[in-house]
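Descriptive structure summary
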Amino acid sequence: MAIEMDKDITNAEWEVMRVVWAQTEVPSHVIIDVLTDKRGWKEPTIKTLIGRLVKKGALKTKKDGRKFLYSTDIKEDTLVNETLDQFFHNICSKDIGKTIGVLIDEAMLSHDDVALLKEKLKQKEPIAYDTVLCNCVKGQCQCQHHG
Ligand SMILES: [Zn+2]
């Protein structure tokens, strides 16, 4: 399911989302505490990020006495999956396997993770293609078949 949002979420805004995902409803001072600690950002910077996320429809606000509580309807794994999807749309389909290989090379994995990946590859094997065709727009890829 696609996320209904005006714009993509930047890496800085993602940091704010992680604080909100870690709790159900969170006042701005908690977000500010976490990100001042982690990133050394100033309060106005963090407030700007929160404001942008509200404008984008990623964060909801609720008044609680004199302060606001922030929450989100967006699930973390949904946003991660969407971001990965978008990323893979930005590369030639012929390069996807190679790129997943790079991700595996660089990932810190447990034995369980490795077992999961092995199982996924086992399931893919009988349905793998002989060749993956380039799906790029002409002028955005150097694949042969564009001539
Ligand atoms: Zn291509």
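Residues numbered from 1 in each chain as written. Predicted model: local features only at pLDDT ≥ 70, side-chain atom pairs only at ≥ 80, totals over all residues. Heavy atoms only, no water.

Things to note about the nonpolar core
Buried together is how nonpolar side chains tend to be arranged in soluble globular proteins. Ranked by size, the top nonpolar core spans 21 residues in total, and within it V16, M17, I31 and L59 carry the most contacts. Among the elements that make up this core, the one with the highest residue count is helix α1 (residues 11–22) (6 residues). Sequence-distant contacts of M17, defined by excluding residues within four places in its chain, comprise I9, L53, A58, L59, T72 and I74. (Core = buried A, V, L, I, M, F, W, Y, C linked by side-chain atoms within 4.5 Å. Buried < 20%, exposed > 50% of the residue type's maximum accessible area, 1.4 Å probe, protein only. Helix = DSSP H or I, 4+ residues; strand = E, 2+ residues; numbered from the N terminus. Contact = heavy atoms within 4.5 Å.)

What to know about the domain arrangement of the chain
In terms of domain boundaries, the chain breaks down into domain 1 (1–90) and domain 2 (92–141). The C-alpha-based centres of domain 1 and domain 2 are spaced at 30 Å. (Domains from an automatic or database assignment.)

Some thoughts on the side chain of T99
Here T99 is to be found in helix α5 (residues 96–106). When its relative accessible area of 18% is taken as the criterion, T99 is described as buried. Apart from residues lying up to four places away in sequence, T99 is in contact with F87, F88 and I91.

Comments concerning the packing of aromatic side chains
Counted under the stated rule, the structure contains 2 aromatic pairs. Centroid distance F87 to F88: 5.5 Å. Interplanar angle 75°. Geometry classified as edge-to-face. (Phe/Tyr/Trp six-rings, centres within 6.5 Å; stacked < 30°, edge-to-face > 60°.)

A few points about the coordination of the zinc ion
When a metal carries six donors in an octahedron, the ideal angles between them are 90 or 180 degrees, while four donors in a tetrahedron ideally lie at 109.5 degrees. Protein coordination at the zinc ion: the donors are C92 (SG), C134 (SG), C136 (SG) and C141 (SG), at 2.1 to 2.4 Å from the metal. Each of the 4 donor atoms bound to the zinc ion contributes to angles spanning 101 to 119°, and the resulting shape is tetrahedral. The sequence pattern describing where the donors of the zinc ion fall on their chain is C-x41-C-x1-C-x4-C. For the pair C134 and C141, a shared accessibility class is recorded, and that class is buried. (Donors = N, O, S within 2.8 Å, 3.2 Å for Na, K, Ca; no water. Tetrahedral: all angles 85-135°; square planar, octahedral: opposite > 155°, others 65-115°.)

Comments concerning the pattern of salt bridges
A complete count under the given rule lists 8 salt bridges for this structure. Linking E15 and K38 is a salt bridge whose minimum nitrogen-to-oxygen distance equals 2.9 Å. Placement of the pair is E15 in helix α1 and K38 in helix α2 (residues 28–39), with a sequence separation of 23 residues. Owing to a relative accessible area of 10%, E15 belongs among the buried residues under this scheme. (Salt bridge = Lys/Arg side-chain N within 4 Å of Asp/Glu carboxyl O.)

Concerning the confidence of the model for the chain
Model confidence for the chain is summarised by a mean pLDDT of 91, while 93% of its residues fall at 70 or above. At the low end of the mean pLDDT range in the chain sits helix α4 (residues 76–89), at 91; at the high end sits helix α6 (residues 111–124), at 98. (pLDDT = per-residue confidence, 0-100.)

Topic: the sheet that holds strand β3 (residues 67–71)
Ordered by their spatial adjacency, 3 strands build an open sheet running β1-β3-β2, and the pairing between neighbours is antiparallel. The open sheet has two free edges, formed respectively by β1 (26–27) and β2 (60–64), since each of these has just one partner strand. Bridge count for β1 against β3 is 2 bridges, and the pairing is antiparallel. Within β3, the residue paired with P27 across the bridge is L69. (Pairing = 2+ DSSP bridges.)

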